[in-house]
Amino acid sequence: MSTFDDVHRRSLEHPDEFWADAAADIDWHKSWDQVLDDSDAPFYRWFSGGQLNTCYNALDRHVIAGRGEQAALIYDSPVTDSKRTLTYQELLDETALFAGALAANGISKGDRVIIYMPMVPETIVAILACARIGAVHSVVFGGFAANELATRIDDAKPKAIVSASCGIEPARVVAYKPLLDQAILLASHSPETCIILQRRQLEAELVAGRDVDWADAIAVVSPHDCVVVEATDPLYILYTSGTTGEPKGIVRDNGGHAVALHWTMKNIYDIEPGQVYWAASDVGWIVGHSYIVYAPLLHGNTTIVFEGKPVGTPDAGAFWRVVAEHKVACMFTAPTAIRAIKQQDPDGLLIKDYDLSSLQSFFLAGERCDPDTLHWIEEKLGVPVIDHWWQTETGWAIASNCLGIEQLTVKAGSAARAAPGWDVHILDNDGNDLPAGKVGSIACRLPLPPGTLPGFWRADERYRKAYLTRYPGFYETGDAGYIDEDGYVFVMSRTDDIINVAGHRLSTGAIEEVLSAHADVAECACFGVADSLKGQLPIGLLVLKAGAAKAPDDVVAEVVQMVRERIGPVAVFKKAVVVARLPKTRSGKILRGTMRRIADNEEYRMPATIEDPQVLDEVRESMQSIGYAQQS
Ligand code: COA
Ligand code: AMP
């Protein structure tokens, strides 16, 4: 029996003991009454009765313990040509002051604050300041459009929004403020205050009586101390794509989150306090929440806030420059970033320009990692490359090679074994376990470990219905795959309409809602097709209303623009085609899966229930006109 097997077994057989041990690494204001509280199963709570403050654990305690002069955060921004290092003491001072500004604007424990910001240190300050006063933050990714922001405003009902005048993409400055103003107009709920960070690249006009300049907000206040919260109180809400246009507000608690994330730093990433850890993601995504902000700081590491891209800022050597310059020990990104680098620097020549001797390991997640990409980066870096699988809902890895416990053999295409705390099963439609190697729905036996979602924001029944109902006693991941004879988990695809575009999670259902809103569109279908760079891209098929006012090409151009405006550029919805009919089953279900296979030139079986097989040929021809389904 290996060390990993032992640890994994103990985590499932004695979860109370296992996680109580891990909780000893967190500073508590009051110890918990119960490690695992199952009194309201299937909704579980961790560390009930315990009290703490997450910001205290991420900043204050390190300063008290003598880490005040260590770099907590390194901001490296090739798009603004600037860099800045904040020590733990400096990050604490800025956070406490901004917490004072939030309090002075009437924000207190339990209030929600939306943070719509680019990758700048102030974003991390705003996040931690919320945690400091017990306010619940909800970060919205900058690549989302006003409409998506409005939906989140209406669900979270924030008392304040913290934003910036602009974000900076390599090719353009993104004015955030007009998007924010429009979102507030669209939403039914209005925040009382907006605190706006003015960036010199583009200053924003402030709305009198509502908007406050960040600099003014902190000028007149005193630092705020940590407010004690319950372990089970919400720390944040992070919205993620559901199967409709209505996003799911994933809630994270304070206690279980701090315990689990701290535990992962040594056990999964094999990192010691003081080392530099870099997740090249965006704070708007779960990877950013967990591994740019919370886990590295809870653990006393140095984190990097990188405002740039893997390519084009200025070249495909950007990642390697950052690793060398800041002596990164462990790095984490999405496979799509590696594919982008590989495309521009296929022989990895730029890697050779940098001294990467600090790098111990390289982690990938966010989408399935194709073996080619894995092997390429393994060969070029010469350090363990670890694909690990997780979701916004889970907050940390469900399956991973846990380097700090025991380094397992890497199998390309697999995220390795279920991590400690996770009891992963492959189930058939009736909920029976499938044998090794057979593909089925991936489900995790309840309770999920600490740090995972206790539910949706004020919508627990929606959570129960979406995740806990199909397989009683299990959390349904929405992913399909198999487990091999050695217990390795292979995540192959989604069982719903979620797609992964450049590591960004999107719902094709939400895109369809936008397409249907066009006055000339009678019916539509959207699905993800394979893309060698971004993994998947959404395409749309449109059936126009009889007597449609506009020409097909104009409708296509307009829906492309509508998706950009309503969901955001990050949807990368660029291709649609008008068809006469959509293929359907006799009961009227649109055959999206079959069309996707045809688009990707994969083999497919003619569905027995198809209403009219001829429609598939028509659709194939239409898809050919936009560059897909080239083989008939
Ligand atoms: N704010 C505003 N707009 C944004 C944005 C942000 N934070 N992030 C992306 N966008 C825009 C881009 O500018 C682009 O706009 P365009 O249509 O005008 O060109 C669009 O959204 C699509 O962005 P993206 O899919 O990211 O494409 P890209 O060409 O800019 O970059 C990669 C491609 C692969 C380099 C990039 O996607 C990447 O680094 N991915 C890593 C994924 C990642 O970090 N995932 C998080 C989970 S680990
Ligand atoms: P997100 O919530 O944005 O992190 O997206 C989660 C989804 O991304 C998962 O449900 C998977 O479909 C996919 N995903 C994330 N990591 C991996 C991985 N390592 N391998 C395969 N799919 C992954």
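Residues numbered from 1 in each chain as written. Chains lettered and ligands numbered in written order. Predicted model: local features only at pLDDT ≥ 70, side-chain atom pairs only at ≥ 80, totals over all residues. Heavy atoms only, no water.

On to the packing of helix H4 (residues 88–104) against helix H5 (residues 121–133). Interaxial distance between H4 and H5 falls to 8 Å at its minimum, and their mutual angle equals 65 degrees. Classified by the angle their axes make, H4 and H5 are roughly perpendicular. Crossing angle aside, the handedness with which H4 passes H5 is right-handed. Note on element contacts: H5 touches H4 through Val125, Ala126, Leu128, Ala129, Cys130, Arg132 and Ile133, opposite Leu91, Leu92, Glu94, Thr95, Ala96, Phe98, Ala99, Leu102 and Ala103. (Axes fitted to C-alpha atoms, helices over the stretch in contact; angles between N-to-C directions. Helix = DSSP H or I, 4+ residues; strand = E, 2+ residues; numbered from the N terminus. Parallel < 35°, antiparallel > 145°, perpendicular 65-115°, else oblique. Left-handed = near helix turned anticlockwise from the far one by under 90°. Contact = heavy atoms within 4.5 Å.)

With that settled, consider helix H3 (residues 54–67). With 14 residues, H3 extends only 17 Å from end C-alpha to end C-alpha; this falls clearly short of the ideal 20 Å at 1.5 Å per step. Taking the largest bend as the criterion, H3 deviates by roughly 35 degrees, centred on Asp60. All of the buried residues along H3 are Thr54, Cys55, Asn57, Ala58, Leu59, Asp60, Arg61, His62 and Val63. Looking at the packing, one finds that the buried side of H3 touches strand E3 (51–52), H4, H5, strand E14 (234–240), helix H9 (255–267) and helix H10 (286–298). Here H3 starts with a cap whose side-chain oxygen sits 2.8 Å from the backbone nitrogen of Cys55, and that cap is Asn53. (Expected span 1.5 Å × (residues − 1). Bend = angle between axes of the 7 residues up to and from the residue. Buried < 20%, exposed > 50% of the residue type's maximum accessible area, 1.4 Å probe, protein only. Polar contact = N/O pair within 3.5 Å; in protein donor to acceptor, adjacent residues only side chain to side chain.)

Here the focus is the sheet that holds strand E23 (residues 474–483). Taken in spatial order, the four strands of this open sheet run E21-E22-E23-E24, and their pairing is antiparallel. Strands at the two margins of the open sheet, each flanked by one partner only, are strand E21 (424–427) and strand E24 (489–494). On average, each strand axis in the sheet is tilted by 50 degrees relative to the strand beside it, whichever way the strands run. Relative to E23, strand E22 (residues 440–445) runs antiparallel, the two sharing five bridges. When the bridges of E23 are listed, Ser441 appears paired with Ala480. (Pairing = 2+ DSSP bridges.)

The full set close to ligand 2 counts 15 residues, and Asp387, Thr392, Asp479, Arg494 and Arg505 are the nearest of them. A distance of 2.8 Å is found between a nitrogen atom of ligand 2 and a backbone nitrogen or oxygen belonging to His388. Gln391 is positioned with one of its side-chain polar atoms (N or O) 3.0 Å from an oxygen atom of ligand 2. Starting from 500 Å² of accessible surface for ligand 2 in isolation, the protein chains cover 94%. (Near = heavy atom within 4 Å. Areas by Shrake-Rupley, 256 points an atom, 1.4 Å probe, with all protein chains shown as cover.)

What follows deals with the pattern of salt bridges. Applying the stated criterion across every chain yields a total of 42 salt bridges. As a salt-bridge pair, Arg10 and Asp21 come within 2.7 Å of each other at their nearest N and O atoms. Of the two residues, Arg10 is situated in helix H1 (residues 3–13) and Asp21 in helix H2 (residues 15–23); the sequence distance between them amounts to 11 residues. With its nearest N and O atoms 2.9 Å apart, the salt bridge here joins Glu169 to Lys309. With Glu169 in strand E9 (residues 166–169) and Lys309 in the loop between strand E17 (302–306) and helix H11 (318–326), this pair connects stretches of sequence that are 140 residues apart. With relative accessibility at 30%, the residue Lys309 sits in the partly exposed group. One continuous salt-bridge network, built from bridges that share partners, spans Asp76, Lys83, Arg321 and Glu325. (Salt bridge = Lys/Arg side-chain N within 4 Å of Asp/Glu carboxyl O.)

Under the domain assignment used here, the protein contains domain 1 (4–308 + 388–463) and domain 2 (498–624). Distance from the C-alpha centre of domain 1 to the C-alpha centre of domain 2: 34 Å. Across the boundary between the two partners, domain 1 contributes 19 residues, which contact 15 residues of domain 2. Here domain 1 and domain 2 share an interface that buries about 1200 Å² over both sides, 50% of which is from carbon and sulfur atoms. Sorting the residues of domain 1 by area buried against domain 2 places Ala145, Ser241 and Trp285 first, and these three jointly supply 33% of that buried surface. The tally of links from domain 1 across to domain 2 stands at one salt bridge. Our enumeration of links across domain 1 and domain 2 arrives at four residue pairs in polar contact (both at pLDDT 80 or more). Here the side of domain 1 that touches domain 2 takes three residues from helix H6 (residues 146–156), the largest share from any one element. Broken down by class, the residue content of the side of domain 1 that touches domain 2 amounts to five nonpolar, 10 polar and four charged. (Domains from an automatic or database assignment. Buried area = accessible area lost by both parts, 1.4 Å probe. Nonpolar A, V, L, I, M, F, W, Y, C, P; charged D, E, K, R; others polar.)

We now examine unusual backbone geometry. Excluding glycine, residues mostly carry a negative phi; peptide bonds, for their part, are mostly trans. For the bond from Thr313 to Pro314, the omega torsion is 0 degrees, close enough to zero to count as cis. Position of Pro314 relative to the elements: it lies in the loop between E17 and H11. Cis rather than trans, the peptide bond between Leu446 and Pro447 has omega equal to 0 degrees. Among the structural elements, Pro447 can be located in the loop between E22 and helix H14 (460–468). In this model, Ala629 sits at a positive phi of 50 degrees, which is unusual for a non-glycine residue.

A few words on the packing of aromatic side chains. This model, assessed by the stated rule, comprises 35 aromatic pairs. With centroids separated by 6.0 Å and ring planes inclined at 70 degrees, the aromatic side chains of Trp19 and Trp396 adopt a geometry described as edge-to-face. Note that Trp19 is positioned in helix H2 and Trp396 in the loop between strand E20 (385–387) and E21, a separation of 377 residues in sequence. The class for Trp19 is buried, based on a relative accessible area of 1%. Classification of Trp396 as buried rests on a relative accessible area of 0%. Ring centres of Tyr463 and Tyr467 lie 5.6 Å apart, and the angle between their planes is 45 degrees; on these two criteria the pair is classed as tilted. Here the residue Tyr463 and the residue Tyr467 both occupy positions in helix H14, the gap between them amounting to four residues, near one helical turn. Comparing Tyr463 with Tyr467 shows no difference in burial state: the two are buried. It is Arg152 that lies over the ring of Phe144; its NZ or CZ is 4.7 Å from the centre. (Phe/Tyr/Trp six-rings, centres within 6.5 Å; stacked < 30°, edge-to-face > 60°. Lys NZ or Arg CZ within 6 Å of the ring centre and 35° of its normal.)

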